[in-house]
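Here's the letter readout for the chains.
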Amino acid sequence: MAVNSNQPRDSFGSKFGIIAAAAGSAVGLGNIWKFPYEAGVNGGGAFLFIYLIFVLLIGVSVMVAELTIGRAGQRNAIGSFKALAPGKPWFLVGMMGIAAAFMIFAFYGAVAGWTLEYIYQSIRNGFAGKSPEDLSQMFTEFTTNPARPIMWQTLFLIMTAGVVIAGVQKGIEKYSKILMPLLLLIILVLIVRSVTLPGAREGINFLFKPDFSKVTGHTIISALGQAFFSLSLGMGTIITYGSYIKKKENLLNTAVQVSLADTLIAVLAGLAIFPAVFAFGINPSEGPGLVFITLPNIFQQMPGGYVFSLMFFILLGIAALTSTISLLEVIVAYFSEELKMSRKRATLLAASGILFLGILCSLSQGPIAGFKIFGLNIWDFLDFTSTKIILPLGGLFIVIFVGFVLGRKRVTEELNNEGTLKARLLPVVMFLIRFVAPIAIALVFLNMIGILKIT
Ligand code: PHE
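The numbers attached to residues start from 1 for each chain and follow its sequence in the written order. Residues qualify for local features only when their pLDDT is at least 70, as the model is predicted, and side-chain atom pairs are given and counted only at 80 or more; totals for whole chains, interfaces and linings, by contrast, use all residues. Neither water nor hydrogens contribute to the side-chain values; these are computed over all heavy atoms in the structure.

**Details of the pattern of salt bridges**
(1) Moving on: The salt bridge definition used is simple: a Lys or Arg side-chain nitrogen within 4 Å of an Asp or Glu carboxyl oxygen. Overall, the coordinates contain ten salt bridges when judged by the stated rule.
(2) Moving on: The salt bridge involving arginine 71 is made with glutamate 414; its shortest N-O contact spans 2.7 Å. In this pair, arginine 71 sits in helix α3 (residues 45-73) while glutamate 414 sits in helix α17 (residues 408-415), placing the two residues 343 residues apart along the sequence.
(3) Moving on: Remark: exposure states derive from per-residue accessible area (1.4 Å probe, protein chains only) relative to the maximum for the residue type, with buried under 20%, exposed over 50%, and partly exposed in between. Glutamate 414 sits in the buried class, given a relative accessible area of 6%.
(4) Moving on: Because the salt bridges share partners, they merge into one network encompassing Arg71, Lys247 and Glu414. Strands are runs of DSSP state E lasting at least 2 residues, helices are runs of H or I lasting at least 4, and numbering of each runs from the N terminus.

Structural data, given as structure tokens:
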């Protein structure tokens, strides 16, 4: 569909569709792969506790700010800033977001591709009879292979593009409404399996009993970084989705519901994983290999493991897909609206750019591992620049923009729907957006890039 100013903008058709799409963006590898291993290395329940505080105080306010910009601006991540602050450099925040979408998709799409390989291995019973060392070797051989990960990654990108080309309501919303309930169902089945294993209790304790002796400055920084990444904040995803939300919907409620849903799924993923990890006497702080090495080892020992392994990797694939859809949409919305391309052309162009960067990411695990930028391989460089720099910096500018530039009157109107909603939380959220969030983000950011050293 070509952009035509006479045509109304595509939008989400229902409340459930909004939540499914936004929670679909938020719930992803960050929840099911990263949250459990971050919690695993950062003291379990203590990490969860700090993470919750960040989500409630900072995550929700940045999300409200992004939704406000998108719905008030009625355009993509760059266009919305241009519409709300014409002639000012604020649109550069959107520009950083588009760049981050390319970078994140590049490495995120690589891991998403791995889930397809692991679905395939689950189907052919490829983990059976393998020792932990064999499984670890299998993972390394696969990820360092010059061709196979690229094949899966390309397939994953094609699936994502297929949904995005179909449009906001007929593509993104439609698939999110099917995939998100399915994701919840699978995760619940996996939890039942995990918590009924003998010795599971210890895993539940690990996740919920806070051990604050493990908390360091690093835990705090990881928790905030994880909150941003997991809620898809700081790069215009939620601005873009916000622009598809109708004027009658309640943005404050939406932000709270999406944030809680995202946190709930992260906790549920922990509940599906840790009881099984403890039941099999495995160290919970395995790091990034937790899902691709530790879990296959558990599945092949567990009764019914064949089915649960397949379910788990399908779960991971679904979670990744609804997130890559949102990453691609950020770019496609920009290309189609600002550069006046058809949706199809915009999707193909964006996907080609992503594929190029994505192939470099995959190869950086093997053949071109020696190629370094600032001492980091391409994957780590893109990961670092996008998630550690652009997301917090973008989030900081976004809350400053909404807190101080957009004007209290405009923000209030957007959040109480021109006075038709009560919006009792509004004063609290405004305070968080103007003061608490910017200060907290700035402190953590400065500390992270090493200017302040609290850790
Ligand atoms: N929130 C997604 C996850 O947790 C990742 C993501 C980040 C998606 C930024 C879109 C934008 O996996």
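From this point on, the discussion continues.
**Section: the site of the ligand**
(1) Moving on: Think of it this way: one heavy atom of a residue within 4 Å of a molecule or strand is enough to make that residue near it. Around the ligand there are 15 residues in total, and Ala26, Gly30, Tyr108, Phe229 and Ser232 lie nearest to it.
(2) Moving on: Side-chain polar atom of asparagine 31 to an oxygen atom of the ligand: 3.4 Å apart, as the coordinates give it.
(3) Moving on: Note that a nitrogen atom of the ligand is positioned 3.1 Å from one of the backbone N or O atoms of serine 230.
(4) Moving on: Areas reported here follow the Shrake-Rupley algorithm with a probe of radius 1.4 Å; residue values treat only the protein chains shown as occluding. Look at the ligand: alone it shows 320 Å² of surface, and the protein chains cover 100% of it.
(5) Moving on: Among the elements of the structure, α1 (15-26), α2 (29-41), α10 (217-230) and α14 (305-338) are those that each provide at least two residues to the shell around the ligand.
(6) Moving on: Under this grouping Gly is polar, as are all residues other than the nonpolar Ala, Val, Leu, Ile, Met, Phe, Trp, Tyr, Cys and Pro and the charged Asp, Glu, Lys and Arg. Broken down by class, the residue content of the shell around the ligand amounts to six nonpolar, nine polar and no charged. As used in this structure description, the phrase polar contact means that two N or O atoms lie within 3.5 Å; if the pair is within protein, one of them must be able to donate a hydrogen and the other to accept it, and residues adjacent in sequence are counted only when both atoms belong to side chains.

**Section: the confidence of the model for the chain**
(1) Moving on: Residues with a pLDDT of 70 or more make up 97% of the chain, whose mean pLDDT is 92.
(2) Moving on: Here residues 1-5 scores under 50 on pLDDT; set against residues more than four positions off or in separate chains, the count is eight contacts. Along the chain, pLDDT gives the predictor's confidence residue by residue, from 0 to 100. Any two residues having at least one pair of non-hydrogen atoms within 4.5 Å are treated as being in contact.

**Regarding the packing of aromatic side chains**
(1) Moving on: For Phe, Tyr and Trp, where Trp contributes only its six-membered ring, two rings pair if their centres lie within 6.5 Å, and the inter-plane angle classes them as stacked under 30 degrees, edge-to-face over 60, or tilted in between. Evaluation of the coordinates by the stated rule reveals 32 aromatic pairs.
(2) Moving on: Consider the rings of phenylalanine 299 and phenylalanine 313, whose centres lie 6.3 Å apart with planes at 75°: the pair is edge-to-face. Placement of the pair is phenylalanine 299 in helix α13 (residues 294-299) and phenylalanine 313 in helix α14, with a sequence separation of 14 residues.
(3) Moving on: By relative accessible area, phenylalanine 313 is classed as buried at 0%.
(4) Moving on: Members of the aromatic cluster, connected to one another through ring pairs, are Phe107, Trp114, Tyr118, Phe127, Phe139, Phe142, Phe292, Phe299, Phe312, Phe313 and Trp379.
(5) Moving on: By the criterion adopted, a ring carries a charge over it if an Arg CZ or a Lys NZ lies within 6 Å of its centre and within 35 degrees of its normal. Directly above the ring of phenylalanine 229 sits lysine 34, whose terminal nitrogen or CZ lies 5.2 Å from the centroid.

**What about the nonpolar core?**
(1) Moving on: Among the buried residues, those of types Ala, Val, Leu, Ile, Met, Phe, Trp, Tyr and Cys that are joined through side-chain atoms within 4.5 Å form a nonpolar core. Of all hydrophobic cores here, the largest spans 162 residues; its most connected members are Phe292, Phe312 and Phe313.
(2) Moving on: Top contributing element to this core by residue count: α14, with 19 residues.

**Some words on the layout of surface pockets**
(1) Moving on: As a volume, the second largest pocket reaches approximately 370 Å³.
(2) Moving on: In this analysis, the protein atoms alone were mapped onto a 1 Å grid. Cavities are point sets where a 1.4 Å probe fits without being able to get out; pockets are open sets with protein on both sides within 12 Å along at least five of seven lines; lining residues have an atom within 4 Å of a point. In terms of lining residues, the second largest pocket is bounded by 20 residues, among which Trp33, Lys34, Tyr37, Trp379 and Asp383 are the most central.
(3) Moving on: Elements that contribute at least two residues to the lining of the second largest pocket include exactly α2, α5 (91-123) and α16 (378-405).
(4) Moving on: Take the lining of the second largest pocket: its biggest share by element is six residues, from α16. Grid points are joined across faces, edges and corners, and a volume is the space filled by probe spheres set on the points.

**Section: unusual backbone geometry**
(1) Moving on: Although it is not a glycine, asparagine 125 adopts a positive phi angle of roughly 60°.
(2) Moving on: Of note, asparagine 125 is situated in the loop between α5 and α6 (132-144).
(3) Moving on: The backbone of lysine 340 shows a phi angle near 50°, a positive value even though the residue is not glycine.
(4) Moving on: With respect to the helices and strands, lysine 340 occurs in the loop between α14 and α15 (343-363).

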